[in-house]
Amino acid sequence: MPSPRHVAFIKSVAVAVIGAVVIWFGAAAVILAVFGRHAPAAAPWLALAKFASLAFAAAVGWLISWPRLDEMEQETRKFSWFIGSTAAILLTAPFMLLWLVNGGAFLAQHLGARGTPGAFFALGWISLVFAQMLGSLVARVGWWAAKR
Amino acid sequence: MKNHLRAMRAERNWSQAELAERLDVSRQSVNAIETGKYDPSLPLAFKIARIFDLPIEAIFWDQ
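These numbers come from a predicted model, not from an experiment. (Residues numbered from 1 in each chain as written. Chains lettered and ligands numbered in written order. Predicted model: local features only at pLDDT ≥ 70, side-chain atom pairs only at ≥ 80, totals over all residues.)

**So, the overall build of chain B**
Regarding its fold elements, chain B presents 5 helices and 2 strands. The linear arrangement of helices and strands in chain B, starting from the amino end, is β-α-α-α-α-α-β. The proportion of buried residues among the 63 residues of chain B is 17%. (Helix = DSSP H or I, 4+ residues; strand = E, 2+ residues; numbered from the N terminus. Buried ≥ 20, exposed ≤ 12 C-beta atoms within 10 Å, placed from the backbone.)

**Things to note about the overall build of chain A**
The helix and strand tally for chain A stands at 5 helices and 0 strands. Counting from the amino terminus, helix and strand elements in chain A follow one another as α-α-α-α-α. Relative to its length of 148 residues, chain A is extended, with a C-alpha radius of gyration of 21 Å against a globular reference of 15 Å. For the C-alpha atoms alone, the extent of chain A along its principal axes is close to 60 × 50 × 15 Å. By residue count, 8% of the 148 residues in chain A fall in the buried class. For chain A, long-range pairs separated by at least 24 residues make up 76% of all intrachain contacts whose partners lie at least 6 apart in sequence. (Rg over C-alpha atoms; globule rule 2.2 N^0.38 Å. Contact = placed C-beta atoms within 7 Å.)

**Looking at the domain arrangement of chain A**
Domain boundaries in chain A define domain 1 (1-68) and domain 2 (70-148). Centre-to-centre separation of domain 1 of chain A and domain 2 of chain A, based on C-alpha positions: 26 Å. (Domains from an automatic or database assignment.)

**So, the interface of chain B and chain A**
Facing 8 residues of chain B, the contacting portion of chain A comprises 5 residues. Classifying every residue of the side of chain B that touches chain A by side-chain character gives 4 nonpolar, 3 polar and 1 charged. (Nonpolar A, V, L, I, M, F, W, Y, C, P; charged D, E, K, R; others polar.)

**Quick look at unusual backbone geometry**
All names here are of chain B. Despite not being glycine, N13 shows a phi value in the positive range, around 60°. Within the secondary structure, N13 sits in the loop between α1 (5-11) and α2 (16-23). The exposure class of N13 is exposed, given the 7 C-beta atoms found within 10 Å. In this structure, D53 is a non-glycine residue whose phi angle is positive, near 55°. Looking at the secondary structure, you find D53 in the loop between α4 (42-52) and α5 (56-59). Looking at D53, the number of C-beta atoms within 10 Å reads 7, which means it is exposed.

**Brief notes about helix α5 (residues 117-147) of chain A**
Side chains that are three or four residues apart share a direction in an α-helix, a result of its 3.6 residues per turn. For α5(A), with 31 residues, the first-to-last C-alpha span of 45 Å sits near the 45 Å given by 1.5 Å per residue. Against the buried residues of α5(A) lie α3 (71-99) of chain A. (Expected span 1.5 Å × (residues − 1).)

**What to know about the environment of A:Q109**
Residues and elements named next belong to chain A. Its place among the elements puts Q109 in helix α4 (residues 105-111). For Q109, a count of 10 C-beta atoms within 10 Å corresponds to the exposed category. For the pair Q109 and G84, spaced 25 residues apart in the sequence, the C-alpha separation amounts to 31 Å.

**Some points on the packing of α2(B) against helix α3 (residues 27-34) of chain B**
All names here are of chain B. The interhelical angle for the contact between α2 and α3, taken along N-to-C directions, is 105°, at an axis separation of 8 Å. Taken as axis vectors, α2 and α3 run roughly perpendicular relative to one another. In contact with Q16, A17, L19 and A20 of α2, α3 contributes R27, S29, V30 and N31. Residues belonging to the contact of α2 with α3 are distributed by class as follows: 4 nonpolar, 3 polar and 1 charged. (Axes fitted to C-alpha atoms, helices over the stretch in contact; angles between N-to-C directions. Parallel < 35°, antiparallel > 145°, perpendicular 65-115°, else oblique.)

**Regarding the environment of A:V60**
Residues and elements named next belong to chain A. With respect to the helices, strands and loops of the structure, V60 is situated in helix α2 (residues 42-68). For V60, a count of 18 C-beta atoms within 10 Å gives the class partly exposed. Once the C-alpha coordinates of V60 and L91 are considered, the two residues, 31 residues apart in sequence, prove to be 31 Å apart. V60 has contacts with S12, V15, A16 and G19, leaving out every residue within four places of it along the chain.

Below, the structure written as structure tokens:
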């Protein structure tokens, strides 16, 4: 017989998965009904719906997992995210300045025809998030080494 | 912050895992508290004191 805590955990996971599926398929059905099946204008809205479903699953997942962590693990995550991601933002700033040399010619050369303003923005956002996650991981390893 | 946690746990023949289960924390947390590498929050310190039936200041002291 599973404990009430275990049942609550299973219910929360179900909410995350079912909610994400409903958001994705529900939004996709509405978008396709409005724009038509092969309309190019539907593409960004479908991408947004996909992102919303993933964001919902991630948010519920975080809400489920966070209270289940003990206080030291919560401290570890708070520390590693704050220190690691802040350090990553500061350390990647010089790269941004390098990329701006010659008006970003270095990036434009690599992206070619795909180098639209939207692509540059997305690349910058993804790069920063990646750097923050990497910095957080490094800080977490450092915390673990110091506290074990 | 220093503490008598390891000695008090040994007196009761509890493993770190057993104490962790009673405190609803991980075994790594118990180890970190025992070795003084992690200072527990006030609620956790009170919980530890309740489990050992002692006042907090009998378990923890400022170094």
